[in-house]
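Geometric and topological summary
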Amino acid sequence: MERLKPVSPHNTLGDVSILYVSVMARAIQYEGADHTDLFRQFSLDDKRLAAPDATISIPRFMRLGQAAIALTGNLALGLTMGQLTRPVDAGLAGLAAQAAPNAGQGLVNLIDYALLTSRNSRGHPRLDLNTGRADFYSIRPYNIFNYFVVDSVLAAWTQFLRTATGYHSVLTRVTIEYPSQGMDSAFEEWFGCPVVFGANSNSLYLVPGLTSMTCSGAQLAMHKKLTDQCREALRKLRTGWGVKEAVTEKLAPLLGGGAVTLERVAVELGIAPWTLQRQLASENTGFRQLVDATRRNLAVDYIRETRLSLAEIAWLLGFSNPAAFQKAYKRWFQVSPGEHRKRIREGVNL
């Protein structure tokens with residue numbers, strides 16, 4: 001049988017900066033627990049935590065978060081993480097946000113340059129200053145491993161707005177995709193507004209006029225310099241990208257739940273469909289080939305790194321049903337996804 005070859009130099013599901021692990025460490029300590037033994041189990045020592053460019057894969061970060069919740073006994077640990085998040089914990093983007101002229105521009109910095117510290121195949125955060133709505137992308141299907149991710153991101157944005165403006169009441173409403181876990185009152189008390197669970201999006205709705213409020217740390221010259229550095233860092237991150245890489249980045253979050261089209265990706269890239277088709281041809285590939293390759297790369301990491309069911313993975317990859325996913329997986333790797341997962345757990349290489 002053919003040996004399974006690596007499909008990517010990194011985890012295709014994404015990774016986050018070690019900066020967020022440091023936030024988790026502070027949250028564990030805040031809850032009165034010691035993170036030392038837990039972090040040792042995840043090979044996270046002081047040297048690694050002090051490495052500014054170090055990352056941890058999304059699946060590993062989620063497992064760490066669930067273990068931290070079990071250690072502290074606080075199901076809302078994500079809120080504690082958000083409360084303890086400082087602008088510097090978002091790296092260069094956070095420093096730019098801190099120096100922004102107003103709260104809206106600060107949130108723009110955090111969201112527009114989120115890729116510098118967090119890369120997730122599921123999507124990108126968005127902000128609409130006109131409506132005062134900030135959206136964290138969907139990470140369905142939800143389970144005990146990823147509730148805290150939504151909580152910590154929405155809480156961190158909220159904490160930034162509070163720190164930047166000096167006001168506690170910065171939101172009119174919060175919506176969260178995952179169903180209520182029986183802590184509605186605690187969430188409403190923390191966010192200071194109604195919180196709706198089981199919603200269609202993970203969103204903050206900002207108090208009208210908040211985005212134009214002057215940031216307490218506003219410094220126009222430093223904001224320009226830091227924003228320029230963010231822009232350059234993002235450019236370097238994407239250095240060497242061709243149209244294939246640009247399409248792949250847009251494809252992954254669009255796969256979930258149904259067929260993705262070239263026309264939809266072209267809209268995301270801001271170009272005409274025929275132009276995209278021509279550009280792909282110039283790189284000796286086609287749209288369907290990239291869809292297949294993206295599915296393949298994501299599939300093996302979902303099988304290897306997560307506990308998602310085959311039906312859930314099939315949905316995330318846009319297959320019509322689990323049988324179609326299993327057929328494709330056997331075509332890619334000459335083994336069924338269920339058998340592959342079993343062998344991985346038994347420590348058997350293909």
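Residues numbered from 1 in each chain as written. Predicted model: local features only at pLDDT ≥ 70, side-chain atom pairs only at ≥ 80, totals over all residues. Heavy atoms only, no water.

1. Some words on the confidence of the model for the chain
For the record, the criterion: For every residue, the pLDDT score states the predictor's confidence, bounded by 0 at the bottom and 100 at the top. In what follows, residue pairs with any heavy atoms lying within 4.5 Å of each other are defined as contacts.
When the pLDDT values of the chain are averaged, the result is 93; 96% of them are 70 or greater. Here residues 1-9 is modelled with pLDDT under 50, and outside its nearest four sequence neighbours on either side it reaches 16 contacts, counting other chains as well.

2. Remarks on the pairing of strand S8 (residues 202-206)
Here is the key point about a regular strand: its side chains alternate between the two faces of the sheet. We count it as follows: Type-normalised accessible area, obtained with a 1.4 Å probe on protein chains alone, sets the label of each residue: buried when under 20%, exposed when over 50%, and partly exposed for intermediate values. We count a stretch as a helix when DSSP gives it H or I for four or more residues in a row; a strand needs E for two or more, and each element gets its number in order from the N terminus. The rule for pairing is simple: two strands pair if DSSP sees at least two bridges between them.
Where burial is concerned, most of S8 is hidden: five out of the five residues are buried. The two faces of S8 match: Asn202, Leu204 and Leu206 on one face and Ser203 and Tyr205 on the other face are all buried. Bridge analysis of strand S5 (residues 133-136) against S8 gives four bridges, and the strand direction is antiparallel. Across the sheet, Asp135 pairs through a bridge with Ser203, a residue of S8. With four bridges connecting them, strand S6 (residues 171-176) and S8 associate as antiparallel partners. Across the sheet, residue Arg173 finds its bridge partner in S8, namely Tyr205.

3. A few points about the sheet that holds strand S3 (residues 118-120)
Put simply, the rule is: Here an angle of 0 to 180 degrees is reported between the N-to-C directions of two axes, which are lines fitted to C-alpha atoms, with helices fitted over the stretch in contact.
An order of S2-S1-S3 is seen for the three strands of this open sheet, with the pairing classed as antiparallel. The sheet is open, and its two borders are formed by strand S2 (55-57) and S3, each paired with just one other strand. Averaged over all adjacent pairs, the angle separating strand axes in this sheet is 25°, with direction ignored. Sheet analysis places strand S1 (residues 14-17) next to S2, joined by three bridges and oriented antiparallel. Considered in S2, the bridge of Asp15 is made with Ser57. On top of the sheet, helix H1 (residues 18-30) reaches S1, S2 and S3; it is set at about 60° to S1, its chief contact. Packed onto the sheet, helix H4 (residues 58-72) meets S1, S2 and S3 and runs at close to 85° relative to S2.

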